[in-house]
Amino acid sequence: MSLTPSGGRTPRQVLALADDLSGAAETAAALRLPARIILGPAASGPSTIPAATASPGAGRALIVDLDTRQRDADEAARIVREAVRGAGPGTVLLKKTDSLLRGNLAAETTAYAEGAAGLVIAPALPAAGRTVRDGIVHLRGQPLHDTDAWRAETRPAPRSVAAALDGTPTAVVPLTAVRAPLPELTARLGALVEAGLVPVCDTESDADLDAIAAAALGLGPGVRLMGTGGLAAALGRLGPGTDGPSPAPAPGGVLPLLVVVGTAEPGAVAQIAQLTAVGARHIALPPELLARTAEPVPLTAGPDDAITVVSVEGSQGIRPGSARQVVAGLARTVAAVPYPADLVLTGGETARRVLDALGVTELLPVGEIHHGAVHSRTPDGRSVVTRPGSYGDAGSLLRIARALRPYQPLAPTGSPAQVPVPRAEFTAPHPPPPVSPVPQGEAL
């Protein structure tokens with residue numbers, strides 16, 4: 001099976017829809033096709049889809065960040081319907097979902113399935129330890145609803161994919177069927193679709209995803225695909241495509257590197273510590289200040305080759321219900337930095353709000369530094385790396401910095417730098433966390 005139709009000379013075009021920016025970038029890298037990422041309707045602006053989504057072009061991919069993760073379910077569904085209506089004939093449609101089943105999954109699935117000949121769902125992401133058995137998402141072998149992965153959500157994690165889809169008629173496709181010969185799997189999926197059911201495929205490996213993608217494509221262009229970046233990667237492996245170029249240093253002069261950490265993931269502390277250990281400045285902004293003021297917090301400029309980490313100071317936690325205001329304040333602050341900078345943005349909501357504040361509406365993917373950490377360029381040539389907040393080990397941010405600055409020595413300095421921040425009536429900044437030693441000669 002190939003993304004080139006049998007007997008034809010023209011490769012298929014792919015339109016992928018994501019509910020947040022880091023997922024859109026992950027999908028763009030995984031598809032291994034010449035691609036553009038369009039930043040669709042911003043939460044603060046008109047909720048319309050750009051006309052450019054009508055046709056990605058033969059042998060190309062267009063990935064649209066619909067920015068629906070935090071929207072009202074009805075509005076999210078309307079945006080998805082509009083995006084699907086814009087797809088040109090013969091386009092392979094892929095709806096990228098969160099591998100932890102977060103977001104408006106039920107409403108968006110219903111909208112996405114409207115008008116389709118069928119829908120096949122494969123929500124696993126084996127590369128990140130997220131598998132599906134008996135229709136239940138597992139995180140490193142543990143059922144999702146038994147983990148703390150939804151600790152930042154306002155409701156408990158769903159007990160199954162079917163429960164997350166809330167009313168969509170589904171049928172589990174077990175591993176024995178997924179690993180059957182391809183004609184048998186294709187027939188199994190086709191029979192379920194004919195019966196008006198949505199196949200939810202058990203998956204434990206990339207090979208399972210490859211089989212699901214091939215079988216789903218074999219059902220014809222009217223059947224739509226839905227899954228994580230793992231399913232996008234399976235489509236990419238079916239070809240035609242390339243591994244894509246390696247991330248390259250920015251053209252022209254050296255810009256400062258601004259690393260913006262908006263995620264609440266516990267691992268972010270260790271990731272920041274690895275960067276401060278090699279001389280990066282760390283500015284920890286109090287969440288109360290970010291949430292309460294409409295003005296950006298002034299940040300001091302560093303030298304041209306400086307690496308500055310900006311994060312939300314989280315030792316006291318973030319007041320419930322204020323997370324979106326905190327992210328908005330963080331975006332305003334970054335956008336007001338009085339010098340152009342390359343950006344590393346962790347967390348899909350943070351990434352999108354920062355780029356919205358900067359007026360960026362399109363990204364051109366360059367390559368992937370590590371899984372989920374995607375290097376793109378803005379139309380004016382600046383580098384932007386996006387990465388989901390839950391991805392990456394303790395060395396993730398350091399690896400990204402080394403990839404973007406291969407000419408810049410990044411060796412342990414012995415003492416991390418903490419930059420004072422205006423805090424109004426708040427107390428002085430908390431000291432930085434203990435620094436873990438950075439292995440010498442760590443490979444990118």
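The notes below deal with the structure included here.

Rules behind the numbers
- Residues numbered from 1 in each chain as written.
- Predicted model: local features only at pLDDT ≥ 70, side-chain atom pairs only at ≥ 80, totals over all residues.
- Heavy atoms only, no water.
- Buried < 20%, exposed > 50% of the residue type's maximum accessible area, 1.4 Å probe, protein only.
- Helix = DSSP H or I, 4+ residues; strand = E, 2+ residues; numbered from the N terminus.
- Phe/Tyr/Trp six-rings, centres within 6.5 Å; stacked < 30°, edge-to-face > 60°.
- Lys NZ or Arg CZ within 6 Å of the ring centre and 35° of its normal.
- Pairing = 2+ DSSP bridges.
- Polar contact = N/O pair within 3.5 Å; in protein donor to acceptor, adjacent residues only side chain to side chain.
- Contact = heavy atoms within 4.5 Å.

Re helix H9 (residues 268–276)
For step 1, the next point in the chain: Of all the 9 residues making up H9, 7 are buried; the element is thus mostly covered by neighbouring parts of the structure.
For step 2, the next point in the chain: Within the span of H9, buried status applies to Ala268, Gln271, Ile272, Ala273, Gln274, Leu275 and Thr276.

Observations concerning the packing of aromatic side chains
For step 1, the next point in the chain: Per the stated rule, a full pass over the model turns up 0 aromatic pairs.
For step 2, the next point in the chain: The side chain of Arg224 reaches across the aromatic face of Tyr112, ending 5.9 Å from its centre.

Description of the sheet that holds strand E7 (residues 136–139)
For step 1, the next point in the chain: Here we have 3 strands laid out as an open sheet, ordered E6-E7-E8, and antiparallel in their pairing. Of all strands in the sheet, those bounded by a partner on one side alone are strand E6 (130–133) and strand E8 (142–143).
For step 2, the next point in the chain: In the sheet, E6 pairs with E7 via 4 bridges, with the strands oriented antiparallel. Each residue of the ladder has a partner; that of Val132, found in E7, is Val137.

Side note on unusual backbone geometry
For step 1, the next point in the chain: A positive phi angle, near 55°, is found at Asp67, a position not held by glycine.
For step 2, the next point in the chain: Turning to its location among the elements, Asp67 is positioned in the loop between strand E3 (61–65) and helix H2 (73–85).
For step 3, the next point in the chain: Even without glycine at this site, Asp134 takes up a positive phi of about 55°.
For step 4, the next point in the chain: Assignment of secondary structure puts Asp134 in the loop between E6 and E7.

Some remarks on the side chain of Asp98
For step 1, the next point in the chain: Here Asp98 is to be found in the loop between strand E4 (91–96) and helix H3 (105–113).
For step 2, the next point in the chain: By relative accessible area, Asp98 is classed as buried at 7%.
For step 3, the next point in the chain: Here the side chain of Asp98 touches Leu100 through a polar contact of 3.1 Å, landing on its backbone nitrogen.
For step 4, the next point in the chain: In this structure the side chain of Asp98 is engaged in a polar contact, spanning 2.9 Å, whose partner is the side chain of Arg102.
For step 5, the next point in the chain: When residues no more than four places from it in sequence are discounted, the contact partners of Asp98 are Arg69 and Thr228.

Considering the environment of His371
For step 1, the next point in the chain: Inspection of the secondary structure puts His371 in the loop between strand E16 (362–370) and strand E17 (373–377).
For step 2, the next point in the chain: Using a relative accessible area of 32% as the deciding quantity, one classes His371 as partly exposed.
For step 3, the next point in the chain: Considering only alpha carbons, one finds His371 and Gly392, 21 residues apart in sequence, at a separation of 7.6 Å.
For step 4, the next point in the chain: If sequence neighbours within four positions are ignored, His371 has contacts with Glu26, Leu125, Ala127 and Tyr391.

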